Amino acid sequence: MIEASCHCGAISFAVEIAPDQVNDCNCSICRRYGTLWAYYRPAEVRFAAENGPTDIYQWGDQTLEFHRCRICGCVTHWSAVNPARERMGINARLMAPQVLAAISVRHGDGASR
Ligand SMILES: [Zn+2]
């Protein structure tokens, strides 16, 4: 079980299996957020029942929602607006440093897509 939470703890979630790889994407939003994305099916990510609401940012084609904690501002995850898209990204920066240290980082080229 891999747990992750924002700085203040208002938003936390867990996944059963650590990601094989995380994506350090250089697109216009990810490079500003400084996120490392781990990709899962939404059913694989368990959000804590006591989580508060998140703030959402959308841009471009509006197909994704980028969620951040309303209290501490940490970017927690993105989810697809279309639930048929069986993929979401969680910010692996919210995992414990020793967990993240064992995972390889891919430098994804989202900027030129
Ligand atoms: Zn927070």
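Below is a short write-up of the structure. (Residues numbered from 1 in each chain as written. Predicted model: local features only at pLDDT ≥ 70, side-chain atom pairs only at ≥ 80, totals over all residues. Heavy atoms only, no water.)

## Thoughts on the coordination of the zinc ion
For the zinc ion, every protein donor is listed as Cys-6 (SG), Cys-8 (SG), Cys-69 (SG) and Cys-72 (SG), and the spread of their distances is 2.3 to 2.4 Å. Coordination at the zinc ion comes from four donor atoms whose angles at the metal span 104 to 117°, giving a geometry best classed as tetrahedral. Counting gaps between the donor residues of the zinc ion yields the pattern C-x1-C-x60-C-x2-C. One end of the pair, Cys-6, is in the loop between strand E1 (2-5) and strand E2 (12-15); the other, Cys-69, is in strand E7 (residues 64-69), with 63 residues separating them in the sequence. (Donors = N, O, S within 2.8 Å, 3.2 Å for Na, K, Ca; no water. Tetrahedral: all angles 85-135°; square planar, octahedral: opposite > 155°, others 65-115°. Helix = DSSP H or I, 4+ residues; strand = E, 2+ residues; numbered from the N terminus.)

## As for the pairing of strand E8 (residues 75-80)
Of all six residues that make up E8, six are buried, and the element is covered over most of its length. Sheet topology places E7 next to E8; five bridges connect them, and they run antiparallel. In the strand pairing of E8, His-67 is matched with His-77. What sits between the antiparallel neighbours E7 and E8 is a turn of five residues, in which Gly-73 has the positive phi angle 85°. (Buried < 20%, exposed > 50% of the residue type's maximum accessible area, 1.4 Å probe, protein only. Pairing = 2+ DSSP bridges.)

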